[in-house]
Amino acid sequence: MTDFATSLRTHLAGSLRASHVGTSVRLGGWVHRSRNLGGIVFVDLRDRDGLVQLSFGTDWASAEAIAAAAAVGVESVVQVEGTVVLRDAATRNSEMGTGEIEVRATAIRVLGPAVTPAIPVARGKGEKLPAEELRLRHRYLDLRRPELQATLVLRHHLLQETRRYLAERGYLELETPILTKPTPEGARDYLVPSRVNPGEFYALPQSPQIYKQLFMTCGFDRYFQVARCFRDEDLRADRQPEFTQIDIEASFVDQEDILAMAEGLIGSLWRTGGQDAPAQFPRMTYADAMERYGCDRPDVRYGLEIADYSDAFRPLEFGITQAALARGDRIRGIRIPGGAAWSRKQVDELESLAKGAGAGGLLRVRKADGKYDGPIAKFLTPEAEQAIALEEGELALFVAAADRISNPALDRVRQECAARLGLASPDERRFLIVTDFPMFEQDPTTGALGAVHHPFTSPNAADMAAFPDEPHRWRATAYDVVLNGLELGGGSIRTHDPAVQSRMFALLGIGDTDEQERRFGFLLEGLRAGAPPHGGIAFGFDRITMLLAGATSLRDVIAFPKTTTARSLFEGAPTPVPPEGLAELHIRVQEG
RNA sequence: GGGGGCGUAGCUCAGUUUGGUUAGAGCACUCGACUGUCACUCGAGAGGUCGCGGGUUCGAGCCCCGUCGCUCCCGCCA
């Protein structure tokens, strides 16, 4: 147990217990709240460990000390001397960790007087938090709240566990540059001008991807880093412009080696956060996930799986489905137990969600009182009813479209239905590993290929051999770790053959070898110099912390976060710089 | 880039529906009373550019237009 005693104090205030009764203590901390009853003054003293009640009574404290205690303002920093005493049974406070005792204070010294706080640190029961804008503006006060302190302490423990787990397994914590090379693909880069190289710019890293692969070519074999990453894209509640990844790479591995390590790491982090996790996570292929859930990171806490009803519709004289089937599309849908009771309006709301996701509409039929009912019921033959096979009280919703359309639409509808029916238990944790992502995605209009994961991912060797001229059919050796429909992290086995890597660049539209060398030469050179097979994974550390802290915003697990316009309200960044500063960097700001 | 929500005292919010005298409450703050409270209690007081700008009107916190900030979502982003 750490001893927090220093020259100025003997104990942490929040750590005092009945076992300290009789001890003379000197404490330092913040005035959380005080109660002045006239002849006796109570002060709740706060530090990182919690609260303790100080009492200033005439029987043990001087009139000066009592007056000083009565006068000190909340959030002031004080140093206090006194004795730990057991409280009378009637005055114990079971809501405080220190509630069995109090400190009979004999002296108080104000070390850091505080102006009246702009936002309250101590809140009454049921009192709401101040507006987030004010919490960010006055972050020096907001971070004093025990809830945020507990979150940052948890973040610390998760970081330490990450380091312990990986270091114990031979992973070396290696650092990579913050000033790096701009990368035109992927997210927008944050650029940093170079003073000594006029007109040239560094970029802040979107991830240390290439550097960690170079570590592998150098033989460092197992690497990890708690890496700060930067992406200049629009923000969300779960997206900050700078964020932290647990970045991992290893050599002489295949997918299973990485996934076994990832399962172990995630499990130990969840246990650190006070929650259990299974030793192994179920696997699901990307194709299976898309077919059954319409989504590459399905929430498998509930069913409502998508099924293919094309065969049931094929014989029907029903224009919409006939047209879809004639185009080669499918009729896919989900069945919702209890959904037959939903009103027309409620189902219309589902349809508008589906339309928002790109579908033309939802075909609906339900079974109530033993009969099929709804707009398309009259087209259903007895054979079709038998094929669809609804149970009493079920509602079925279909999308007649290409999978590219029906997947996102049915995913959205499925999630909303689960929310309505309360199917996703907040206490349940269903980890999942999704494998066999496609290597490329094809732009529906131009037909151009883009990397689903990133250009350094190794294609599935069997697919390359089987369809050498059909790269859009290749799967990648890429995988994601998913929890309850949220992506925790993802990775891949990389291409370590420079010729294959060069071909991948060409397939992605960078066919010119000079351009390849200019943009990715430092990777290709490393691969040509003798590279081992390697692969890795990266986890979103902020999101993991958010989940384990029970927070709903990344801003609550980052000490000094940015707003949705990428501003820091506390320190006030970004900010204009004087013309001299710009001139030195050879930069001119354009108006408008 | 687009759409929604919010903006009234230091903080949390009423008041805006249907424009009308001097804009209210709780907490915090200041002063006073109180010897066992723990959201102490009680009394008194101070505290307002109703985000900002413009417009309509005899009159605007309230209606209209614009704008700024925060936030949620789409696009974007692995």
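Summarised in this report is the structure supplied together with it. Here the structure is a predicted model, which means the values were calculated and not measured.

## Observations regarding the side chain of Thr 244
Thought 1: Locating Thr 244 in the fold gives a position in strand S10 (residues 242-251).
Thought 2: Residue classification places Thr 244 among the buried residues on the basis of a relative accessible area of 5%.
Thought 3: Discounting chain neighbours no more than four positions away, the residues touching Thr 244 are Arg 155, Val 226, Ala 227, Arg 228, Phe 539, Gly 540, Phe 541 and Asp 542.

## Regarding the pattern of salt bridges
Thought 1: Considering all chains together, one arrives at 51 salt bridges under this definition.
Thought 2: Ionic pairing is found between Arg 144 and Glu 75, a salt bridge with its closest N-O pair at 2.9 Å. A residue pair is termed long-range when its members are at least 10 positions apart, and Arg 144 in the loop between helix H3 (139-142) and helix H4 (146-168) and Glu 75 in the loop between helix H1 (63-71) and strand S4 (77-86) qualify at 69 residues.
Thought 3: One network of salt bridges, with partners in common, ties together Arg 123, Arg 135, Arg 139, Asp 142, Arg 145, Glu 147 and Asp 556.

## Concerning the sheet that holds strand S14 (residues 363-368)
Thought 1: Read from one edge of the open sheet, 5 strands run S12-S13-S16-S14-S15, paired in antiparallel fashion. Of all strands in the sheet, those with a lone pairing partner are strand S12 (307-308) and strand S15 (371-373), marking the two edges.
Thought 2: Two strands pair when backbone bridges link them, and S14 and strand S16 (residues 394-401) are joined in this way by 4 bridges, in the antiparallel orientation. Paired with Val 365 across the strands is Ala 396, a residue of S16.
Thought 3: Against the sheet, helix H12 (residues 403-421) engages strand S13 (330-337) and S16, with an angle of about 5 degrees to S13.

## Here we look at the packing of aromatic side chains
Geometry of an aromatic ring pair is reported as the spacing of the ring centres plus the angle between the planes.
Thought 1: A complete count under the given rule lists 15 aromatic pairs for this structure.
Thought 2: Aromatic pair Tyr 286 and Phe 437: ring centres 5.1 Å apart, planes at 45 degrees, arrangement tilted. One end of the pair, Tyr 286, is in helix H7 (residues 286-293); the other, Phe 437, is in the loop between strand S17 (431-435) and strand S18 (440-442), and 151 residues separate them in sequence.
Thought 3: By relative accessible area, which is 21% here, Tyr 286 ends up partly exposed.
Thought 4: Here Phe 437 falls in the buried class, since its relative accessible area comes to 5%.
Thought 5: An aromatic cluster of three or more residues is present, and its members are Tyr 140, Phe 560 and Phe 570.
Thought 6: Seen from the ring of Trp 60, Arg 104 lies directly overhead, with NZ or CZ sitting 4.2 Å from the centre.
Thought 7: Arg 473 extends its terminal NZ or CZ atom over the ring of Phe 467, reaching a point 3.9 Å from the ring centre.

## Digging into the pairing of strand S22 (residues 534-540)
Thought 1: For S22, the tally of buried residues reaches 6 of 7 residues, placing the bulk of the element in the interior.
Thought 2: One ladder, built from 5 bridges, connects strand S21 (residues 486-493) with S22; its direction is antiparallel. Bridge pairing links Gly 490 to Ala 538 in S22.

## Concerning the protein's contact with RNA strand B
Thought 1: Around RNA strand B lies a shell of 48 residues, among which Asn 36, Thr 91, Ala 118, Ala 131 and Thr 564 are the nearest.
Thought 2: Among the atoms of RNA strand B close to the protein, meaning within 4 Å, 54% are from sugar or phosphate groups.
Thought 3: In this structure, a base oxygen belonging to RNA strand B sits 2.6 Å away from a side-chain N or O atom of Arg 239.
Thought 4: Counting residues per element, the ones that place at least two in the surface near RNA strand B are strand S1 (24-36), strand S2 (40-47), strand S5 (101-112) and helix H2 (132-137).
Thought 5: For the surface near RNA strand B, the per-class residue count stands at 15 nonpolar, 15 polar and 18 charged.

## Focus: the nonpolar core
Thought 1: Formed by 33 residues in total, the largest nonpolar core has its most connected members in Leu 166, Ile 248, Trp 270, Leu 488, Ile 537 and Phe 539.
Thought 2: Secondary-structure elements contributing two or more residues to this core are H4, S10, helix H6 (255-272), S17, strand S20 (478-483), S21, S22 and helix H16 (541-549).
Thought 3: Once residues lying within four places of it in the same chain are set aside, the contact partners of Leu 488 are Ile 266, Trp 270, Phe 431, Val 481, Val 482, Leu 483, Ala 538, Phe 539, Gly 540, Ile 544 and Leu 547.
Thought 4: Counting residues in hydrophobic clusters, the runner-up holds 23 residues, among them Val 25, Val 31, Phe 56 and Val 78.

## What to know about unusual backbone geometry
Thought 1: Residue Pro 574 is reached from Ala 573 by a cis peptide bond, and omega for that bond is -5 degrees.
Thought 2: Tracing the backbone through its elements, the reader meets Pro 574 in the loop between H16 and helix H17 (579-584).
Thought 3: A positive phi angle, close to 70 degrees, is found at Asp 221, a residue other than glycine.
Thought 4: With respect to the helices and strands, the residue Asp 221 is situated in the loop between helix H5 (209-217) and strand S9 (222-230).
Thought 5: The backbone of Asp 369 shows a phi angle near 55 degrees, a positive value even though the residue is not glycine.
Thought 6: Its place among the elements puts Asp 369 in the loop between S14 and S15.
Thought 7: The exposed category is assigned to Asp 369, whose relative accessible area is 72%.

Analysis parameters
- Residues numbered from 1 in each chain as written.
- Chains lettered and ligands numbered in written order.
- Predicted model: local features only at pLDDT ≥ 70, side-chain atom pairs only at ≥ 80, totals over all residues.
- Heavy atoms only, no water.
- Helix = DSSP H or I, 4+ residues; strand = E, 2+ residues; numbered from the N terminus.
- Buried < 20%, exposed > 50% of the residue type's maximum accessible area, 1.4 Å probe, protein only.
- Contact = heavy atoms within 4.5 Å.
- Salt bridge = Lys/Arg side-chain N within 4 Å of Asp/Glu carboxyl O.
- Pairing = 2+ DSSP bridges.
- Axes fitted to C-alpha atoms, helices over the stretch in contact; angles between N-to-C directions.
- Phe/Tyr/Trp six-rings, centres within 6.5 Å; stacked < 30°, edge-to-face > 60°.
- Lys NZ or Arg CZ within 6 Å of the ring centre and 35° of its normal.
- Near = heavy atom within 4 Å.
- Polar contact = N/O pair within 3.5 Å; in protein donor to acceptor, adjacent residues only side chain to side chain.
- Nonpolar A, V, L, I, M, F, W, Y, C, P; charged D, E, K, R; others polar.
- Core = buried A, V, L, I, M, F, W, Y, C linked by side-chain atoms within 4.5 Å.

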